[in-house]
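Geometric and topological summary
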Amino acid sequence: MQTNFTPEQLTDPHVAESEGILRKCVHCGFCTATCPTYVTLGNELDSPRGRIYLIKDMLENGRPADEEVVTHIDRCLSCLACMTTCPSGVNYMHLVDHARIHIEQTYKRPLKDRLVRNVLAAVLPYPGRFRLALKAARLGQPLAAAMKRVPFLKSFGIMLDLAPAGIAPASSASTPGIRPAQTEKRGRVAILTGCAQPVLKPGINEATIRLLTRLGVEVVVPQGEGCCGALVHHMGREEQALAAARRNVDVWVKAADAGGLDAIIITASGCGTTIKDYGHMLRLDPAYAEKAARVSALAKDITEYLATLDLPRQEPKAIIVAYHSACSMQHGQKITMAPKILLKNAGFTVRDPAEGHLCCGSAGTYNILQPDISATLKARKVKNIEATKADIIATGNIGCITQIATGTDMPILHTVELLDWAYGGEKPAGILPSP
Amino acid sequence: MPETIAFLEPKPSVLARRQQIVEDLADILPPGCLISEKRGLVPFETDAFIAYRQVPLAVALPETTAQVAAVLKYCSRYGIPVVPRGAGTSLSGGAIPQSDAVVIGLSKMSRILDVDFANRTATVQAGVTNINISEAVSADGFFYAPDPSSQLACTIGGNIGMNSGGAHCLKYGVTTNNLLGVKMVLFDGTVIELGGKALDAPGYDLLGLVCGSEGQLGIVTEATVRLLAKPEGSRPVLFGFMSSEEAGSCVAEVIGSGIIPVAIEFMDKPAIGICEAFAQAGYPMDVEALLIVEVEGSEAEMEAMLASIIAIARRHGVATIRESQSAAQAALIWKGRKSAFGATGRIADYICMDGTVPLGQLSYVLKKTSEIIDSYGLRVANVFHAGDGNMHPLILYNINDPEDAARAEAAGNDILKLCVDAGGCLTGEHGVGIEKRDLMLHQFEQVDLNQQMAARAAFDPQWIMNPSKVFPLEGRPAA
Amino acid sequence: MSMNFEPTSEAEAADIIRQAAAHAVPLAITGGGTRSGLGNSVRAERGLSTRRLSGILSYNPAEMTMSARAGTPMREIEAALAGNRQMLAFEPMDHRGVMGTSGEPTIGGVFAANVSGPRRITAGAARDHLLGIRFINGSGEAIKSGGRVMKNVTGLDLVKLLCGSHGTLGLLTEVTFKVLPLPPAAATIVAFGLDDAQAAAAMAHALAMPVEVSGAAHLTESVRYRFVGTSHPEGAATVLRLEGLPASVAVRAEKLKAAFAQVAPATVLDHEATEKLWRDIRDVKPYADGTQKPLWRVSVAPTAGHQLVAALRLQTGVDAFYDWQGGLVWLRMEADAESEMLRRFIKGIGGGHATLVRASDAVRAATPAFEPEPAPVAALSVRLKEKFDPKGIFNPGKMG
């Protein structure tokens, strides 16, 4: 589409990049069709095409963000379904990242929003704080219903609601060190411990390490890594996000240099999308650009890596799995077939829920920040999943697991937990007894 | 350099009342259904014909037919122009607003109201997307036939407005042939119903007149469409040729021999490259022209029809024949074709022509088209519905360069005139919109247009419905 | 009428109309006059026929289009098409039988009355095949609309509006239309003994199968012997036509027959028998009875047709059979036209419309031939009529 930036504006590399992205958009409107918020709200301003226009207008005029723009950008889930749909190759992800940074730098949010965002940014990326907060939340849960009725406190009430019933103690899987291969060694990988996931579902990384080591892969849990930065990145808090990225880049480069790494394994696809983007995020930092690109190239979703190991076919099991592809998996990382092929080879019957391209409404902290749209999307997702009449739901992202679990009685597991079981591990807790 | 296309002069009386109008509309519509701030209006300034833009006065997003009626009643009372909008995917600027207009967007009216398999009909709200209809009935073995390339996003209301076609219209016809009834709101808020589940309706064929009327006769809020049983199987086959002329003459002979496949699509070399880059469908890259021919039916039927087509293709020097090997590949072949316009955005801005010519003229028009493009120093990609002669040259240009844009527009006009002179028409399925409005007198005499405008005036005597479109501004009846 | 105008050129026709408009002389517009009885009686002083505006103007079989002057006899069109193994896919009915008229139906008359036959359910109506027209409006201006290509959305679709307007909006002078190849093979599956409701269900089922049924009719017991001979099982005959490549037709016939075998005894008619049967259905043969008994053509949702007939049978003497999967009901009333009851019942089964095709002059004078339109639609129709025929000289009264 036509753009109107001055040569001076284009000297800013962020603006120049956004201009390049905007020039590719031909306004065909295909993106509107697969955008969860447009489908839900029916307003083009809540569609990628509308947001692109709002962002273009804001950037061209070098104007501070205002409430109108912020409202519609905030409603974006960053599910990136639009990028899968877009025939023109518009990199909406980088455009909206830029817009969020611009908003964060130029717009003062109302007090309530700032409070909620500060709490999320201060707690979620830190497992210790998060665990404490969850315990406190359990105590506060009886208040959730009342809080949700007060607009100012609604988001806090929802946070309380989301806190799971049982909070596991810190997992051994998070302890730094090397987990040697149990059979003939065929590879060496590092694993991202992550922030929220090991607190909410420590079993996922435990299963991953068990499965990999059993398959002959040495797993390094590096010292010093932390949250990937996705959470603050999506809030437009660029410096915090880049700091998280640099810290992790240092840790993994060190691990790679020490003993070689075939891959950095990520078991939460939301994190995977961000880590695969480190190379881009740090491209303007001469000290980190190259290292970050190296890390991004090494980053692999667990299913992406397992697909390279040629796992043997297992006997069919009488268990039907509805595979829910997280947005960060299918749109962010374009991993669509590997998880399903792995599950099928492991003996499961796999079904695809209808409208698989639509987000479940989790989207990081979206379910807290945009509770109404999130709840609508959750209901739609659960309806589609339940229609498959599957026994169990498998997915590759902790956010989706938490979100969908609050909407259905069907058990929901990480794909790797099912694979670990199929390839010699313990039966995961919460799975139905096999008939 | 051609003159740019003019919009109607905004009515000062409307612009002067802007604030009052916005307040009144806010009273008429529920919360969240009116956009009136400048920031929020800009994204509605154009559709998929991005060469032209006008920021509207307000955007109404009604949720019910009654709300559409209330807004129209209000607008007609004060003579406020109204521009209907579906998904805003028009390639001819049919949904581009004007500065004194209220846009009525149907995007919130997106429910499927009734599916009747025994009578093979679906009744849907106007904002339902084309593909949603087929998806809703697919599991039961049915589909809705017209399939414009934008079917993922475009709405049935927009399809009715433009009488949209698509690749598979060669066999199944365009929107008007698959539309049984509508509920619509006239300029003054009167709600009428035309047609229904019966195959024909009494009286004048108002439904036929409304279909393709580009939002000038009223706003359709509900539609009843015909469903068809899905064929047993279908298979697209790729035929690569070393020249566009060979491909064009092959199409003419296939149709002339009495074989009517479901679809015959044409792509030239630039288009093949663009589509393959996006879809990775396995199109042959070493040919000058490609035909996608789809046959359907049982295995034996498809084989029989293909054998005849292959024999004809060989007589026209076909270089490559590739059958799709799986349903997944077939889907990719169509995904690539249907994304062709958008995918062109990867390499350049474009304007998309839509002239239709008699089949016998296909090769001649292709050749002349490339001569015209060369004479302007431009590039072109051709991707179109060859089976019914519906050409889509995509003229590539740089929208940030006004001179380049002017050249592209001039070349486009020359190509459309060429189509008319070859015995065809300006637009086969995209509609006149704003884009081709000023070329109408190349196809019609003033007296023909006068009769059309008279029919239009029977529906909208005030000329408030999408008034800048279709009819040249000169020669209109005095208001 | 003192005299018929029979112009031999478009210019002459325009002249006549200009004169008539100037003197407000109402004209009865006709082609060959074989369907003049359709619609309400016309209050006209003079007749204006297109029968001498005759002749095929262009026919390009490879492009599947033909242009002809409006008064060209159907016989001539059909002969030219048959010579190239092509056809009018919408299968226009010949009204001479039921209306007891003679003479030559014209192509202009077919389109002016939007006459469509059994293949309507898949191929569309006459209006779906009409690509372009020339007509003269009520001010005597020659107007062009549409063109000669398959896809054309340039401007308002006056082609559709004129098609089926029964000469009330303009005098068609030229028509350009789509033609299609004759199917190389055809067959009909006949299932015997189904009642009307069962037949409706069976036809809906058949149309939902991927076999491309191109004709679906239910010939009730009272008319069945006029269509299908006595060598078959007894009872009503439900008939389904298949057309296409010989291999296709054979495979699909087997599938359909198998599907029907569970509900009724079924047989298959060959190509020749198929052609005859569907021509008879098209022309409503059982009611080409030389009588003036009121004959209605009722169009409703396909599954509603039999409900309507069942309701009527309880109230009055009626004979009926069904085309278009049950959605086109041919009703012959034994005595009174019963228009009020019929139209009330049609509303009761979900809507549709009834057209009185034939009746005695007395009945016609007392019965609106076409379904009355709701007020806002009727108002639109009146405004349109004024825009095309400001002096009201074309077929006054015909459409209400």
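All of these numbers come straight from a predicted model, not from anything done at the bench.

The helix and strand inventory of chain B stands at 17 helices and 18 strands. Expected size for 479 residues packed as a compact globule is a radius of gyration near 23 Å; at 22 Å, chain B falls within 12% of this value. A burial count over chain B gives 63% of its 479 residues as buried. In chain B, 74% of the contacts between residues at least 6 apart in sequence involve partners at least 24 apart.

Turning our attention to the overall build of chain C. Per the secondary structure count, chain C includes 15 helices and 18 strands. Scaling as 2.2 N^0.38, a compact globule of 400 residues should have a C-alpha radius of gyration of about 21 Å, and chain C matches this with 21 Å. C-alpha extents for chain C along the principal axes are approximately 65 × 50 × 35 Å. Counting every position in chain C, which comprises 400 residues, the buried fraction comes to 58%. Put simply, of all contacts in chain C between residues at least 6 apart along the chain, 74% involve residues at least 24 apart.

Residue and element names in this part refer to chain B. For the pair helix α10 (residues 269-279) and helix α12 (residues 327-338), interaxial distance at closest approach is 8 Å and the crossing angle is 125°. By the angle class used here, α10 and α12 are oblique. For α10 against α12, the interelement crossing comes out right-handed. Each of C275, E276, F278 and A279 in α10 lies in contact with α12, whose residues at this interface are L332, K335, G336 and R337. Partitioned by chemical class, the residues of the contact of α10 with α12 number four nonpolar, one polar and three charged.

Here we come to the domain arrangement of chain B. Residue and element names in this part refer to chain B. What the domain assignment reports for chain B is domain 1 (12-105), domain 2 (112-229), domain 3 (234-341) and domain 4 (348-437). A C-alpha centroid distance of 28 Å is found between domain 2 and domain 4. Contact residues are listed per partner, giving eight residues for domain 2 and ten residues for domain 4. The residue makeup of the side of domain 2 that touches domain 4, split by class, is five nonpolar, two polar and one charged.

In this section: the interface of chain B and chain A. Chain B puts 33 residues into the contact, and the matching count from chain A is 27 residues. Those elements that place two or more of their residues in the side of chain B that touches chain A are α3 (38-41), α13 (340-344) and β16 (349-352) of chain B. Ranked by residues supplied to the side of chain B that touches chain A, first place goes to α13(B) with three residues. The class makeup of the residues in the side of chain B that touches chain A is 15 nonpolar, 13 polar and five charged.

Our next topic: the confidence of the model for chain C. Averaged over chain C, the pLDDT score is 95; the fraction of residues at 70 or greater is 100%. In the predicted assembly, ipTM is 0.97 and pTM is 0.96.

Moving on, we get to the nonpolar core. The biggest cluster of nonpolar side chains holds 424 residues, and the ones touching the most others in it are A:V189, A:I264, B:A60, B:V102, B:V251, B:C275 and B:L291. Of the residues forming this core, the biggest block, nine residues, is contributed by helix α15 (residues 238-259) of chain A. Not counting residues within four places of it along the chain, the set of residues in contact with B:C275 comprises B:M267, B:A281, B:Y283, B:G336, B:R337, B:S339, B:A340 and B:A343.

Before going further, it helps to spend a moment on the interface of chain C and chain B. Every contact between the two is made by 65 residues of chain C and, on the other side, 76 residues of chain B. Element by element, the count of residues in the side of chain C that touches chain B is highest for helix α15 (residues 375-388) of chain C, at seven residues. For the side of chain C that touches chain B, a count of residues per class yields 32 nonpolar, 18 polar and 15 charged.

Residue and element names in this part refer to chain C. Splitting chain C by domain gives domain 1 (4-181), domain 2 (185-282) and domain 3 (285-369). Inter-centroid distance (C-alpha atoms) of domain 2 to domain 3 is 23 Å. Facing 17 residues of domain 2, the contacting portion of domain 3 comprises 15 residues. Contributions of two or more residues to the side of domain 2 that touches domain 3 are made by α8 (196-207), β12 (213-219), α9 (221-227) and α11 (271-282). A per-element tally of the side of domain 2 that touches domain 3 places α8 first, with six residues.

Next up on the list: the sheet that holds strand β3 (residues 46-49) of chain C. All names here are of chain C. The three strands are arranged β1-β3-β2 in an open sheet whose pairing can be described as parallel. Each of the sheet's edge strands pairs with one partner strand only, and the pair in question is β1 (4-5) and β2 (27-30). Strand direction decides the pairing type here: β2 and β3, joined by four bridges, are parallel. Residue pairing across strands places T30 opposite S49, the latter belonging to β3.

All names here are of chain A. The strand order β1-β3-β2-β4-β5 describes an open sheet built from five strands, whose pairing is mixed. One side of each edge strand has no neighbouring strand; the edge strands of this open sheet are β1 (177-179) and β5 (299-301). The sheet shows a mean angle of 35° between the axes of neighbouring strands, taken without regard to direction. Judged from the three bridges that link them, β1 and strand β3 (residues 217-221) form a sheet pairing that is antiparallel. Bridge pairing links R179 to V219 in β3.

To continue, consider the arrangement of the chains. Take the two pairs of chains in contact: the one carrying the most contacts is chains B and C. Here chain A and chain C are not in contact; the least distance found between their C-alpha atoms is 21 Å.

Another aspect to go through is helix α4 (residues 48-60) of chain A. With 13 residues, α4(A) extends 18 Å between its outermost C-alpha atoms, agreeing within 8% with the 18 Å of an ideal straight helix rising 1.5 Å per residue. Along α4(A), the positions that sit buried rather than exposed are A:P48, A:R49, A:G50, A:R51, A:I52, A:Y53, A:L54, A:I55, A:K56, A:M58 and A:L59. On its buried side, α4(A) packs onto α1 (13-24), α2 (30-34), α5 (67-74), α6 (81-85) and α7 (92-106) of chain A together with α3 of chain B. Within two residues after α4(A), A:G62 carries a phi angle of roughly 55°, on the positive side.

Residues and elements named next belong to chain B. Following the sequence through the fold, V22 ends up in helix α2 (residues 18-28). Assessed through the 16 C-beta atoms surrounding it within 10 Å, V22 is described here as partly exposed. With twelve residues separating them in the primary sequence, V22 and L34 have C-alpha atoms 8.4 Å apart. Beyond its immediate chain neighbours, meaning those up to four positions away, V22 contacts S36 and A58.

The next subject is unusual backbone geometry. All names here are of chain A. Of note in the backbone geometry, H27 takes a positive phi value of approximately 65° without being a glycine. Along the polypeptide, H27 turns up in the loop between α1 and α2. The exposure class of H27 is buried, given the 24 C-beta atoms found within 10 Å.

On to the environment of C:G400, then. All names here are of chain C. Looking at where G400 falls in the secondary structure, it is placed in the segment after α15. Look at G400 and you get partly exposed, because 18 C-beta atoms sit within 10 Å. With near-sequence residues (within four places) excluded, G400 lies in contact with N40, P368 and F370.

With seven of eight residues buried, helix α24 (residues 398-405) of chain A is to be regarded as a mostly interior element. Of the residues making up α24(A), those classed as buried are A:I398, A:G399, A:C400, A:I401, A:T402, A:Q403 and A:I404.

This part covers the pairing of β3(A). Burial within β3(A) is extensive, with five of its five residues counted as buried. With burial as the criterion, each face of β3(A) is covered, one bearing A:V217, A:V219 and A:V221 and the other bearing A:E218 and A:V220.

A few words now on the environment of C:H218. All names here are of chain C. Mapped onto the elements of the fold, H218 is located in strand β12. Residue class for H218 comes out buried when judged on the 29 C-beta atoms lying within 10 Å of it. Sequence separation between H218 and Q325 is 107 residues, and the spatial gap between their C-alpha atoms is 7.6 Å. When residues no more than four places from it in sequence are discounted, the contact partners of H218 are D196, A199, M203, A236, T238, F321, Y322 and G326.

Each value, and the rule that gives it
Residues numbered from 1 in each chain as written. Chains lettered and ligands numbered in written order. Predicted model: local features only at pLDDT ≥ 70, side-chain atom pairs only at ≥ 80, totals over all residues. Helix = DSSP H or I, 4+ residues; strand = E, 2+ residues; numbered from the N terminus. Rg over C-alpha atoms; globule rule 2.2 N^0.38 Å. Buried ≥ 20, exposed ≤ 12 C-beta atoms within 10 Å, placed from the backbone. Contact = placed C-beta atoms within 7 Å. Axes fitted to C-alpha atoms, helices over the stretch in contact; angles between N-to-C directions. Parallel < 35°, antiparallel > 145°, perpendicular 65-115°, else oblique. Left-handed = near helix turned anticlockwise from the far one by under 90°. Nonpolar A, V, L, I, M, F, W, Y, C, P; charged D, E, K, R; others polar. Domains from an automatic or database assignment. pLDDT = per-residue confidence, 0-100. Core = buried A, V, L, I, M, F, W, Y, C linked by C-beta atoms within 7 Å. Pairing = 2+ DSSP bridges. Expected span 1.5 Å × (residues − 1).

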